[in-house]
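Now for the letters of each chain:
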Amino acid sequence: MTFNWAYFFSLFSMNAFWQACVTVVELSVLSWLAGLVLGFLMASARLSGPGWLKSISQVYIWLFRSVPLLVLVVFVYNLPQLFPGTGAILGNAFVAGLIATVLVETAYMAEIHRGGLLSVAKGQHEAGHALGFGYVGIQRMVVIPQALRIALPSLINEFITIVKQTSLVSVISLPELLMTGQRLYAENFLVMETLAAVAVYYVLIVSVFSLLFQLVERRVNVQAKTPQTLADEQLAALREQAQPLALRQPAIQHGSPDALLMKDIHKAWGQHEVLKGVELRVAPGEVVSVIGPSGSGKTTLIRTINGLESLDKGEVVLFGEGFIQAGNARNRKAEQQGIRRIGMVFQGFNLFPHYTILQNVMLAQRYHHQPEKETVRRAQALWLLDKVGLLAHVDKYPHQLSGGQQQRVAIARALALSPDIMLFDEPTSALDPERVGEVLKVISELAREGMTMVIVTHEMDFALAISDRVILMNQGNIQADATPAHIRCGEHSPALQRIRQFMGVNAAEVA
Ligand SMILES: Nc1ncnc2c1ncn2[C@@H]1O[C@H](COP(=O)(O)OP(=O)(O)OP(=O)(O)O)[C@@H](O)[C@H]1O
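No experiment lies behind these values; they were computed from the predicted model shown.

Basis of the calculations
- Residues numbered from 1 in each chain as written.
- Predicted model: local features only at pLDDT ≥ 70, side-chain atom pairs only at ≥ 80, totals over all residues.
- Heavy atoms only, no water.
- Near = heavy atom within 4 Å.
- Polar contact = N/O pair within 3.5 Å; in protein donor to acceptor, adjacent residues only side chain to side chain.
- Areas by Shrake-Rupley, 256 points an atom, 1.4 Å probe, with all protein chains shown as cover.
- Helix = DSSP H or I, 4+ residues; strand = E, 2+ residues; numbered from the N terminus.
- Nonpolar A, V, L, I, M, F, W, Y, C, P; charged D, E, K, R; others polar.
- Phe/Tyr/Trp six-rings, centres within 6.5 Å; stacked < 30°, edge-to-face > 60°.
- Buried < 20%, exposed > 50% of the residue type's maximum accessible area, 1.4 Å probe, protein only.
- Axes fitted to C-alpha atoms, helices over the stretch in contact; angles between N-to-C directions.
- Parallel < 35°, antiparallel > 145°, perpendicular 65-115°, else oblique.
- Left-handed = near helix turned anticlockwise from the far one by under 90°.
- Contact = heavy atoms within 4.5 Å.
- Expected span 1.5 Å × (residues − 1).
- Domains from an automatic or database assignment.
- Buried area = accessible area lost by both parts, 1.4 Å probe.
- Salt bridge = Lys/Arg side-chain N within 4 Å of Asp/Glu carboxyl O.

1. Some details on the site of the ligand
Among the 13 residues in the neighbourhood of the ligand, the closest are listed as S294, G295, K298, T300 and E426. At 3.2 Å from a nitrogen atom of the ligand is found a side-chain nitrogen or oxygen belonging to W269. Within the contact set of the ligand, an oxygen atom lies 2.6 Å away from a side-chain nitrogen or oxygen of S294. Contact with the protein chains hides 63% of the accessible area of the ligand, taken as 630 Å² for the molecule alone. Among the elements of the structure, β2 (272-282) and α12 (298-305) are those that each provide at least two residues to the shell around the ligand. With three residues, the single largest contributor to the shell around the ligand is α12. Looking at side-chain class alone, the shell around the ligand contains three nonpolar, eight polar and two charged residues.

2. As for the packing of aromatic side chains
Tallied over the full model, the rule gives 17 aromatic pairs. Ring geometry for F8 versus F12: centroids 5.2 Å apart, planes at 85 degrees, classification edge-to-face. Since its relative accessible area comes to 8%, F8 is described here as buried. Look at F352 and Y355: their rings are 6.4 Å apart centre to centre, the planes differ by 85 degrees, and that puts the pair in the edge-to-face class. The buried category is assigned to F352, whose relative accessible area is 0%. Y355 gets classed as buried once you look at its relative accessible area, which sits at 16%. Through successive ring pairs, a cluster of aromatic residues spans F3, W5, F8, F9, F12, F17, W18 and Y201.

3. Some words on the packing of helix α7 (residues 122-130) against helix α8 (residues 135-165)
Orientation of α7 relative to α8, taken along the N-to-C sense of each, is 160 degrees, at an axis distance of 10 Å. One finds that α7 runs roughly antiparallel with respect to α8. The two elements α7 and α8 cross, and the hand of that crossing is right-handed. The segment α7 lies against α8, with Q124, H125, G128 and H129 engaging I138, Q139, V142, V143 and Q146. A class-by-class count of the residues in the contact of α7 with α8 yields three nonpolar, six polar and no charged.

4. Some words on helix α10 (residues 191-220)
Helix length check: α10 (30 residues) gives 43 Å between terminal C-alpha atoms against 44 Å at 1.5 Å per residue, within 8%. Of the residues making up α10, those classed as buried are E193, T194, A197, V198, Y201, Y202, I205, V206, F209 and F213. Among the structural elements, α1 (5-10), α2 (15-48), α8 and α9 (177-188) are those in contact with the buried residues of α10.

5. Re the domain arrangement of the protein
Here the protein is described as being made up of domain 1 (5-220) and domain 2 (284-306 + 341-503). Relative placement of domain 1 and domain 2: their C-alpha centres are 47 Å apart. Tallying the contact residues gives 19 residues for domain 1 and 17 residues for domain 2. Taken over both partners, the interface formed by domain 1 and domain 2 buries close to 1400 Å², and the fraction arising from carbon and sulfur atoms is 60%. For domain 1, the biggest contributors to the area lost against domain 2 are A130, L131 and M141; these three give 36% of the whole. Inspection of the domain 1/domain 2 interface yields one salt bridge. Linking domain 1 with domain 2 are eight residue pairs in polar contact (both at pLDDT 80 or more), by the criterion used here. Listed by contribution, the elements that provide at least two residues to the side of domain 1 that touches domain 2 are α7 and α8.

And the structure:
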């Protein structure tokens, strides 16, 4: 038996096959797009929906991943036998095939999306929260773009699987590629030649889409983007476009309310009481450093200030206005307004990796439309980047910067909404020793400019140099609260002794 090459090649000019290709592409693209969207909703419901929705999505995924597509296709196509009213829709083999494929793909893609969503670090959500973004804003600007990038290779793979699975729909006589071939070889018995041509058509479709997806992947892959440091002339030109952002100067008048007042703050993780009734006042323009042994509750305390941790008891008051109260139903609007007055810098930077550093700085301004004009937002962001010494790196992505540079971008980002208070949670702990100085310099400059700041730090010299007050925490309580002058002076009290001991202030320095 010989392979009939002439017949094989003739199949590529046959209209019926090209028509079948269109059917395969339409069915695949529609199933993939619908599965992509519905799968995302299903994954979101499973991860963060209310309990009943989680259960529904879990059952759905379990069920439709278990049922073979072939069975589902036949089942959906024959549903009109049970429900005659559905005949008008499901009697169409394309529609029945599409519905069955979407039902299965939604379940598969939900799991792919779930993997993507879970891979977005918690710090990314927290950075969005600290910039005053609502749930939808965090999802739209921070989580979904990253989750989709992570899931993209698997989602593309799923598309290829769908293309090949469309052959199963031939079982309900949809004239896709396999069905078209079957009809031909049933008449002429040239099975090998016909199936070889069918295979070539599939390879062709998959190849075209693989190329398209490669372009998409290349476009969204930030790791592959390598914008360079600006040359001096470019930098000078860009500096011309920068416009100062009026950073808030605290109005320090007699009788003006505290910038921050924390009343009887309690927080427990299970049985472990981490904060045991902390009371803290920070006056406008004051710099307060929080020090203490590991596990004493410093980070937990600072995270309760902007609602990153909920309170079990107590209240946070900003400039005399109630901001966060324990137990009350959360007033999200008031909370978000308060959060916008607070900038936060994290130990792990938490920059958004899919945006350039300029976009990182501008993101909060864009979200809050503050200021209104995009040109002004850009000009102010440029000024902030210049202020932290990074204007030359404006188009780079976070992965192209050193840790110290990333932390300085994080400071610029936190300043973009012109906050009244800045919170720093161990801003230099994740840095190489030689990078610590550049970050501390930026913070010191802010202190000189009168910014109200609460800084959790292990840098004792730095705390003594820039703080108005140093607070020692131990086992969830404030053990000592003293000015650097008091710490250095000869006065003796158990609290001062403890703080000196912890800070390693040499007894000889103390008169
Ligand atoms: N999400 C959490 N779940 C359970 N326990 C937690 C959680 N976060 C913090 N803790 C516990 O709370 C205690 C205080 O932690 P916290 O991070 O506030 O300490 P810290 O003083 O900042 O320590 P360090 O200087 O090491 O960062 C620790 O015992 C820690 O294990």
